[in-house]
Amino acid sequence: MNQKFELTPGYTINRIINGCWQLSEGHSLTCKLDFDDVMRAFHGLVERGFTTFDCADIYTGAEEFIGEFVKQLKNGSSISPDDIQIHTKYVPDLDILQDVDFNYTEKIIDRSLRRLNRDTLDLVQFHWWDYDVPGCVETAGHLCRLQEKGKIRNIGVTNFDTKHLAELVDAGIPVVSIQTQYSVFDRRPEKALLPYCKEKHIPLLCYGTLSGGLLAERWIGAASANPETRSQVKYLQVLEDSMGWEGYQELLLILQRIAKHHDASIAHVASKYILSQSGVGAAIIGIRNSKHVDSNTRIFDFDLDAKEMEMIRNHLAKHNMLEGEPFELERTVGSKYRNIMKMNLNE
Ligand SMILES: NC(=O)c1ccc[n+]([C@@H]2O[C@H](COP(=O)([O-])OP(=O)(O)OC[C@H]3O[C@@H](n4cnc5c(N)ncnc54)[C@H](OP(=O)(O)O)[C@@H]3O)[C@@H](O)[C@H]2O)c1
């Protein structure tokens, strides 16, 4: 049975969101994507109730691809474009942060509307690369003006730490959600962000839940992994600094034992563990083919009992939590986390 939840009054989304970074140019490192197969996956997902999509202005080609999907829905599908929810992001380039003004913000939002074939953007998640560059709160204010103009339905944020999220909230920006990395490898949100968001009723929309596919049976017993995607490049770094390869292999066996009990898979259990955390609204799972479409419906068919949750928690407690707040390492100049990111993709 599919699970949905009301993110804001009158606006309901699925608890599993279809992630579309995987469709962006250069994300797959070892193969070329079959976009006909991805389109089949999209139709299959919405038919099964997975109607919520996540993309970004900086995921090269992804907004256009979803726009094409919307066009197909308009032309005679049993599912209407109004039955799906599309979340995008507003990520001004690092190099122009100091020059961002209202006209620039509106230009990018108009481009997303055009690419996505929509009259209104359901959710725009705001990202700011460098807190030392002034203008973060003012730029979020631009999104409020565009909300008043009817171009944006809801405003969210992504990759904010607790302090800077609080600054937006205190300034009256109506933040309805925060997208952040939260997984069995990366529990940084538990330190301060999650408690703050619970208090303010701002649900977490979590990425990294499957750590780019590293949380799957195929890796049991492997001695190492050659990254197949940019997601895996990133999550291998996270793994290295959290539980290490040995801890990861032990975790896979624990998750497999639990999964077998529920006739499910490691990926289902890893997703369910994050969805079971209080304050988590949804998990975002990346899509780059149709092979997992049927499988992911299983996530809603079972619950983890207290003993199973404890088994996972006990294992995680034996290992390091990554340093700092969510996205802090990624913001630190010279860090390996920052060095793999592309911060000027909008122009
Ligand atoms: N705000 C941000 O900064 C940010 C950053 C990263 C991601 N995101 C969002 O989060 C989404 C997810 O990205 P992610 O990098 O975190 O990747 P992810 O969701 O952890 O991993 C996606 C991969 O998991 C595998 N997978 C999917 N379903 C599976 C299943 N049932 N069983 C086994 N494997 C399965 C697939 O690999 P195969 O196709 O190879 O089988 C897929 O490519 C992105 O698309 C994006 O929307 C946002």
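The structure displayed is predicted, hence computed values, not measured ones.

Student: I'd love a proper account of the overall build of the protein chain, names of residues and values included.
Tutor: Regarding its fold elements, the protein chain presents 12 helices and 10 strands. Radius of gyration (C-alpha) of the protein chain: 19 Å, near the 20 Å computed for a compact globule of 347 residues. Its C-alpha atoms give the protein chain principal-axis dimensions of roughly 55 × 50 × 40 Å. When the 347 residues of the protein chain are sorted by exposure, 60% land in the buried category. Sequence separation of 24 or more characterises 77% of the internal contacts of the protein chain that already satisfy a separation of 6 or more. For the protein chain, the accessible surface area stands at approximately 14400 Å², while carbon and sulfur atoms represent 49% of it.

Student: How would you explain the nonpolar core if you had to name every residue and give the values?
Tutor: Counting 123 residues, the largest nonpolar core has Phe-42, Phe-126, Phe-160 and Leu-165 as its most contacted members. With residues near it in sequence (within four places) discarded, Phe-42 still touches Cys-20, Leu-23, Phe-53, Phe-65, Ile-66, Phe-69 and Ile-287.

Student: Residues and numbers for the site of the ligand, please.
Tutor: Surveying the vicinity of the ligand reveals 28 residues, the closest of which are Gln-22, Asp-54, Ser-231, His-292 and Asn-296. A distance of 3.5 Å separates an oxygen atom of the ligand from a polar atom in the side chain of Tyr-207. Measuring from an oxygen atom of the ligand, one finds a side-chain N or O atom of Ser-231 at 2.6 Å. Protein contact buries 92% of the 910 Å² of open area that the ligand shows by itself. Going through the elements one at a time, helix 7 (230–241) and strand 10 (280–286) are the ones with two or more residues in the shell around the ligand. Tallied by class, the residues present in the shell around the ligand amount to nine nonpolar, 15 polar and four charged.

The rules behind these values
- Residues numbered from 1 in each chain as written.
- Predicted model: local features only at pLDDT ≥ 70, side-chain atom pairs only at ≥ 80, totals over all residues.
- Heavy atoms only, no water.
- Helix = DSSP H or I, 4+ residues; strand = E, 2+ residues; numbered from the N terminus.
- Rg over C-alpha atoms; globule rule 2.2 N^0.38 Å.
- Buried < 20%, exposed > 50% of the residue type's maximum accessible area, 1.4 Å probe, protein only.
- Contact = heavy atoms within 4.5 Å.
- Areas by Shrake-Rupley, 256 points an atom, 1.4 Å probe, with all protein chains shown as cover.
- Core = buried A, V, L, I, M, F, W, Y, C linked by side-chain atoms within 4.5 Å.
- Near = heavy atom within 4 Å.
- Polar contact = N/O pair within 3.5 Å; in protein donor to acceptor, adjacent residues only side chain to side chain.
- Nonpolar A, V, L, I, M, F, W, Y, C, P; charged D, E, K, R; others polar.

Keep in mind that these numbers describe shape and distance, not what the molecule does.
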